[in-house]
Amino acid sequence: MTSPHWDEARAAAYREFRFEFPEKTLARRTVVVAGGTGGLGSAIVALLAREGVNLVVGYHRDRGRAQRLGDAIEREFGRKLTLVEGNLSDASVRRSYLEAADRLGTPLSGAAIFSGDPARVAFQDLDHESVVASLESNYVGPVLLAKDLGDAMAVTKTGGSLVLLATMQATAAFPSSLNYAAPKAALVHAARILAQQWNSVRVNVIAPGATITGMAAASVQSGKYDRYIDAGAIPRFGRPEDIARAVRFFLEPDNYITGQTLLVDGGLTLRRDR
Ligand SMILES: NC(=O)c1ccc[n+]([C@@H]2O[C@H](COP(=O)([O-])OP(=O)(O)OC[C@H]3O[C@@H](n4cnc5c(N)ncnc54)[C@H](OP(=O)(O)O)[C@@H]3O)[C@@H](O)[C@H]2O)c1
């Protein structure tokens, strides 16, 4: 007896070494990129725009930067971004993402949630307010948006993919990273539970290392991470394109991975310098 899941046409093709590597699989579909105007998010916005994806791009309050990104994408790729402004902690803002995706009229197939805050507070200054603020921006808002978008994709025929952004500091302990890294570690765990939640929506995490744009730019520029290059722990600093390619990999509609965290840190947390 043959399994009802057996695909003989496909098996026959493989026996003859014929494989499928489709391209531009997200073209004419909708992808949401929350925090997509930032140093890292804007690179996946560019990569997806080049592919012909309809994009809903969110930011908190820096409207000037959002408009400059919109202009750059239109100039370069001839595509108009749908921009959503506001704090992800606000339910009406999260609703705006869904409404914007709905209005585009193409299937919502993926979302990448880049929104976050470096939450830099010296250990001795940590107080109730700073801990709650970090939890709010690095965990509560992203998780609630993931829930809303995951629910929306789960009821479609094709399902979709959610990608959450953590940090290498969520998987390895770095001194003084308590306020930023611990909510991100919670996000990593939340992603695995969300991955169990829906059968047709995959959920994965990208954990970047020291990257030269966005919230790490000033630290990298100041030389804080130079010792990792000097001692051979990493070959160079991370670039937004490194992160964009990893996010795109998880967004691929036919991707076979869920519930995983991918470190994109050039090997920094392996500490090959020790
Ligand atoms: N850059 C790195 O090297 C690095 C390393 C590890 C992890 N990460 C993670 O990667 C993600 C992106 O970082 P980035 O460097 O691109 O940061 P960024 O340049 O500061 O951009 C952050 C983006 O998120 C938006 N945002 C922030 N808080 C928000 C909120 N409460 N509601 C809605 N939108 C919000 C910002 O909007 P506004 O511009 O309007 O504020 C902006 O679009 C973050 O989650 C960060 O923790 C970055």
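Now for a description of the structure that goes with this document. The residue numbers shown here count from 1 along each chain, following its written sequence. At least 70 in pLDDT is required for a residue's local features to be given in this predicted model, at least 80 for side-chain atom pairs to be given and counted, and no such filter applies to totals for whole chains, interfaces and linings, which use all residues. To obtain the side-chain values, all non-hydrogen atoms of the structure were included, while hydrogens and water were left out.

1. Some points on helix α6 (residues 178-197)
Next up, step 1: With 20 residues, α6 extends 28 Å from end C-alpha to end C-alpha; this agrees with the ideal 28 Å at 1.5 Å per step.
Next up, step 2: Per-residue accessibility, obtained with a 1.4 Å probe over protein chains only, is compared with the maximum for each type, and a residue is labelled buried under 20%, exposed over 50%, and partly exposed between these values. A run of H or I in DSSP counts as a helix once it spans at least four residues, and a run of E counts as a strand once it spans at least two, with each numbered from the N terminus. Here α6 has its buried residues at Asn179, Tyr180, Ala181, Pro183, Lys184, Leu187, Val188, Ala190, Ala191, Leu194 and Ala195.
Next up, step 3: In this structure, the buried residues of α6 make contact with α5 (128-154), β5 (160-165), β6 (201-208) and β7 (261-264). The span you would expect from a helix comes to 1.5 Å times its residue count less one. The contact criterion used throughout is that any non-hydrogen atoms of two residues lie within 4.5 Å.

2. A few points about the environment of Pro107
Next up, step 1: Position of Pro107 relative to the elements: it lies in the loop between α4 (91-104) and β4 (108-113).
Next up, step 2: Under the relative-accessibility criterion, Pro107 is labelled partly exposed at 44%.
Next up, step 3: On a C-alpha basis, the gap between Pro107 and Thr158 in space is 8.5 Å, while along the polypeptide they are 51 residues apart.
Next up, step 4: Beyond its immediate sequence surroundings of up to four residues, Pro107 is in contact with Arg28, Arg29 and Thr30.

3. As for the nonpolar core
Next up, step 1: Buried Ala, Val, Leu, Ile, Met, Phe, Trp, Tyr and Cys residues form a nonpolar core when they are joined through side-chain atoms within 4.5 Å. In this structure, Val32, Tyr97 and Leu162 are the most contacted members of the largest nonpolar core, which totals 31 residues.
Next up, step 2: Where this core is concerned, the elements lending two or more residues are β1 (30-34), α4, β4, α5, β5, α6 and β6.
Next up, step 3: It is α6 that provides the largest number of residues to this core, a total of six residues.
Next up, step 4: Excluding residues within four positions of it along the chain, Leu162 makes contact with Ala111, Ala146, Leu149, Gly150, Met153, Trp198, Val201, Arg202, Val203 and Asn204.
Next up, step 5: Judged by nonpolar contacts, the second largest core, of 27 residues, contains Ala43, Val45, Val57 and Phe250.

4. Let's talk about the packing of helix α2 (residues 41-50) against helix α3 (residues 63-77)
Next up, step 1: The axes used here are C-alpha line fits, helices contributing only the stretch in contact, and every angle between their N-to-C directions lies in the interval 0 to 180 degrees. Where α2 contacts α3, the two axes come as close as 10 Å, and the packing angle between them is 30°. When the axes of α2 and α3 are compared, the pair comes out roughly parallel. Helix-helix and strand crossings are classified by hand; for α2 and α3 the assignment is right-handed. Facing α2, whose interface residues are Ser42, Val45, Ala46, Ala49 and Arg50, α3 presents Leu69, Ile73 and Phe77.
Next up, step 2: Among the residues forming the contact of α2 with α3, the class breakdown is six nonpolar, one polar and one charged. The scheme is simple: roughly parallel for angles under 35 degrees, roughly antiparallel for over 145, roughly perpendicular for 65 to 115, oblique for anything else. Helix crossings fall into two classes, left-handed where the near helix is turned counterclockwise from the far one by less than a right angle and right-handed where it is turned clockwise. Each residue receives one of three labels: charged for Asp, Glu, Lys and Arg, nonpolar for Ala, Val, Leu, Ile, Met, Phe, Trp, Tyr, Cys and Pro, and polar for the others, Gly being one of them.

5. Brief notes about the site of the ligand
Next up, step 1: In this text, near means that some heavy atom of the residue lies within 4 Å of the molecule or strand in question. The immediate surroundings of the ligand are formed by 28 residues, with Thr37, Arg61, Asp62, Tyr180 and Lys184 found nearest.
Next up, step 2: Within the backbone of Gly39, an N or O atom sits 2.9 Å from an oxygen atom of the ligand.
Next up, step 3: A distance of 2.8 Å separates an oxygen atom of the ligand from a polar backbone atom of Met215.
Next up, step 4: Here the accessible surface of atoms and residues is derived via Shrake-Rupley with a 1.4 Å probe, and residues count as covered only by protein chains that are part of the display. Alone, the ligand offers 900 Å² of accessible surface; in the complex the protein occludes 91% of this.
Next up, step 5: Per-class residue counts for the shell around the ligand are ten nonpolar, 14 polar and four charged. Pairing of N or O atoms within 3.5 Å defines a polar contact, subject to two protein rules: one partner must be a possible hydrogen donor and the other a possible acceptor, and residues neighboring in sequence count only if both atoms are side-chain atoms.

6. Some remarks on the packing of α5 against α6
Next up, step 1: Viewed as axis vectors pointing N to C, α5 and α6 meet at an angle of 20°, and their least axial separation amounts to 9 Å. The pairing of α5 with α6 is recorded here as roughly parallel in orientation. Crossing angle aside, the handedness with which α5 passes α6 is right-handed. When α5 is examined against α6, the residues Ser130, Val131, Ser134, Leu135, Asn138, Tyr139, Pro142, Val143 and Ala146 are found in contact with a partner set consisting of Asn179, Tyr180, Pro183, Lys184, Ala186, Leu187, Ala190 and Leu194.
Next up, step 2: Class assignment of the residues belonging to the contact of α5 with α6 gives a composition of twelve nonpolar, four polar and one charged.

7. A look at unusual backbone geometry
Next up, step 1: Backbone geometry at Lys24 places phi at a positive 50°, although glycine is not the residue there.
Next up, step 2: Looking at the element boundaries, Lys24 is found in the loop between α1 (8-15) and β1.
Next up, step 3: Accessibility expressed as a relative area gives 56% for Lys24, which makes it exposed.
Next up, step 4: Within the chain, Arg28 stands out as a residue other than glycine whose phi angle is a positive 65°.
Next up, step 5: Along the chain, Arg28 turns up in the loop between α1 and β1.
Next up, step 6: Arg28 gets classed as exposed once you look at its relative accessible area, which sits at 65%.

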